[in-house]
Amino acid sequence: MLEQGPYLTEEDFVHDEIKVINEDLLTNKPKLQPTSFRKTPNEKAKPQRALVYGRLVGGTSVHFTANFWRFHEIDFVERSKIGPVAGADLRDWPITYADLEPYYTKVEWEIGVSGLAGASPFDPPRSKPYPMPPLPVKGSGVIFERAARKLGWHPFPAPMAILSQPRAGRSACVNCGFCLAFGCEVGAKSSSLAAAIPVAEKTGRCEIRPNSYVHRIEMDSNGRISQRPVFFGYGNGGGKRTGLCADFAAEGQAEAAVDAGAASSARLRKNGHGRGERMPAQLASGALKITPEPFTGSGGMGYGLERGGSNGLAPARPETPISHSTLV
Ligand SMILES: Cc1cc2nc3c(=O)[nH]c(=O)nc-3n(C[C@H](O)[C@H](O)[C@H](O)COP(=O)(O)OP(=O)(O)OC[C@H]3O[C@@H](n4cnc5c(N)ncnc54)[C@H](O)[C@@H]3O)c2cc1C
Ligand code: SF4
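Residues numbered from 1 in each chain as written. Chains lettered and ligands numbered in written order. Predicted model: local features only at pLDDT ≥ 70, side-chain atom pairs only at ≥ 80, totals over all residues. Heavy atoms only, no water.

**Q** Go over empty space enclosed by the protein with me, naming the residues and quoting the values.
**A** A full pass over the atoms with the stated rule returns four cavities of 30 Å³ or more. In this structure, the largest cavity occupies an estimated 100 Å³ of space. Lining the largest cavity we find 15 residues, and of these Cys 173, Cys 176, Cys 179, Cys 184 and Ala 188 sit closest to its centre. Classifying every residue of the lining of the largest cavity gives nine nonpolar, four polar and two charged. (1 Å grid on protein atoms, 1.4 Å probe; cavity = no way out; pocket = protein on both sides within 12 Å on 5 of 7 lines; lining within 4 Å. Points joined across faces, edges and corners; volume = space filled by probe spheres on them. Nonpolar A, V, L, I, M, F, W, Y, C, P; charged D, E, K, R; others polar.)

**Q** Would you mind going over the site of ligand 1 in detail, with residue names and values included?
**A** Taken together, the neighbourhood of ligand 1 is formed by 24 residues, with Glu 3, Gln 4, Thr 60, Asn 67 and Val 214 sitting nearest. Between an oxygen atom of ligand 1 and a main-chain N or O atom of Ala 66, the distance comes to 3.1 Å. Split by domain, the shell around ligand 1 shows at least three residues from each of two domains, domain 1 (10-66 + 164-207) and domain 3 (212-296). (Near = heavy atom within 4 Å. Polar contact = N/O pair within 3.5 Å; in protein donor to acceptor, adjacent residues only side chain to side chain. Domains from an automatic or database assignment.)

**Q** Explain the layout of surface pockets to me, and be specific about the residues and the numbers.
**A** Of the volumes computed, that of the second largest pocket is approximately 440 Å³. Around the second largest pocket, the lining is made up of 24 residues, and of these Arg 170, Leu 193, Ala 194, Ala 195 and Pro 198 lie nearest the centre. Of all elements in the fold, only helix H3 (97-112) and helix H5 (192-202) reach the threshold of two or more residues within the lining of the second largest pocket. Examining the composition of the lining of the second largest pocket, we find that six residues originate from one element, H5, more than from any other. (Helix = DSSP H or I, 4+ residues; strand = E, 2+ residues; numbered from the N terminus.)

**Q** Talk me through the site of ligand 2; I want residue IDs and the actual numbers.
**A** As a structural note, the neighbourhood of ligand 2 is formed by 12 residues, with Cys 173, Cys 176, Phe 178, Cys 179 and Cys 184 the closest of them. At a threshold of 2 Å from the grid points, most atoms of ligand 2 map onto the largest cavity. Considered class by class, the residues forming the shell around ligand 2 number eight nonpolar, three polar and one charged. (Sits in = over half its atoms within 2 Å of the grid points.)

**Q** Please give an account of helix H4 (residues 139-150) that cites residues and values.
**A** An ideal rise of 1.5 Å per residue puts 16 Å on 12 residues; H4 measures up with 17 Å between its terminal C-alpha atoms. Along H4, the residues that are buried comprise Gly 139, Gly 141 and Ala 148. Gly 152 lies just past H4 and shows a positive phi near 80°. (Expected span 1.5 Å × (residues − 1). Buried < 20%, exposed > 50% of the residue type's maximum accessible area, 1.4 Å probe, protein only.)

**Q** Residues and numbers for the packing of aromatic side chains, please.
**A** Think of a pair of aromatic rings as described by two things: how far the centres are apart, and how the planes are tilted against each other in angle. The full count for this structure, using the stated rule, is seven aromatic pairs. With centroids separated by 5.7 Å and ring planes inclined at 85°, the aromatic side chains of Phe 71 and Trp 93 adopt a geometry described as edge-to-face. With Phe 71 in the loop between strand E2 (46-47) and helix H2 (78-82) and Trp 93 in the loop between H2 and H3, this pair connects stretches of sequence that are 22 residues apart. Its relative accessible area of 38% is what places Phe 71 among the partly exposed residues. Looking at Trp 93, the relative accessible area reads 36%, which means it is partly exposed. Cluster of aromatic residues (ring-pair linked, three or more members): Phe 71, Phe 76, Trp 93, Tyr 97 and Tyr 104. Cation over ring: Arg 126 sits above Tyr 130, and NZ or CZ is 3.9 Å from the ring centre. Taking the ring centre of Trp 109 as reference, the NZ or CZ of Lys 128 above it sits at 4.2 Å. (Phe/Tyr/Trp six-rings, centres within 6.5 Å; stacked < 30°, edge-to-face > 60°. Lys NZ or Arg CZ within 6 Å of the ring centre and 35° of its normal.)

**Q** Can you tell me about the pattern of salt bridges, naming the residues and giving the values?
**A** On inspection of all chains with the given rule, the structure shows eight salt bridges. A salt bridge links Glu 108 to Arg 70; the shortest N-O distance between them is 2.9 Å. Residue Glu 108 is located in helix H3, and its partner Arg 70 is located in the loop between E2 and H2; the two are separated by 38 residues in the primary sequence. For Arg 70, a relative accessible area of 9% puts it in the buried group. Arg 126 is paired through a salt bridge with Glu 108; the nearest N and O atoms lie 3.2 Å apart. Here the residue Arg 126 occupies a position in the loop between H3 and H4, and Glu 108 occupies one in helix H3, the gap between them amounting to 18 residues. Take Glu 108: its relative accessible area is 1%, and that puts it in the buried class. Through salt bridges that share partners, Arg 70, Glu 101, Glu 108 and Arg 126 make up one connected network. (Salt bridge = Lys/Arg side-chain N within 4 Å of Asp/Glu carboxyl O.)

Right under this line is the structure:
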């Protein structure tokens, strides 16, 4: 696995907002990974910080908040249900929720997700409960729950990719309050770094190459990865270009999965191919037909001030992550 960012460990994660947020300790750096933005295809794109993602082994899952929702059944067939949307390339998924359900369950059990199955009357069907109970509800969650019930809503503990109990040598969450945008110092957040990569490495069949920027992927005229070196990485050793996959190609195993996030995957797919050609769609999308338009998600946050304490105790600390105590 080639990753442009460093291979960090729990000891590297700190509660330092300046370093982590202002100085992009864990995320893409505007100077090293510049991005541009335009609102319409007719505009000239201007350099702008258009996206934020985890730039380290484990990717954005290391600094994400770890809310771990499943899509609902309708999310897979929205085009059929609501019809076309002007200006958007809305399509149904080529698979249904039922196709994906066993894999949702597999992931929840493999990485460790806490939650309360059946607590939400709106949840899609599931074949197994969560592998562990939900995280304890904090003071802000108590207030949220009371208010939601008053409104006739159905609050329930949010599913979180965070351990509420120790598991596989990893500690349970110690409620440090630094989840969103920070790495977890105790390995309780079920990021790829904490929960998946160590398992893959133990098989002896997964080699992680950090600080290796994939510059382009070369293909032969049949759309197969060429027998020549296919990836070029900038390693730690002074920014030298190195062909990294010559050995795989020689073994006839030159296959690649591109999972570089929405923006980088699209760039590699559209422009990264040698000789000015575009990478065939099947390299990026496997057998599935995917939209030629990459899509990415945007996020929103809400903040509120509470009057007095949540349960007669001291007011919740402003930095308390809402997600842990969120009842939806
Ligand atoms: C602050 C924040 C909070 C979030 N919270 C949640 C949440 O609570 N729940 C949720 O479900 N989602 C959340 N998300 C979204 C979620 O984390 C991402 O959608 C998801 O991790 C994306 O996974 P990915 O594998 O597609 O890409 P990424 O995890 O971004 O992985 C892409 C990797 O590819 C590397 N890379 C890119 N280009 C190259 C290149 N050319 N060469 C080598 N390596 C390259 C990157 O450095 C990165 O490590 C959050 C996102 C952010 C930013
Ligand atoms: S709140 Fe829990 S899961 Fe989040 S970073 Fe702290 S210990 Fe890790």
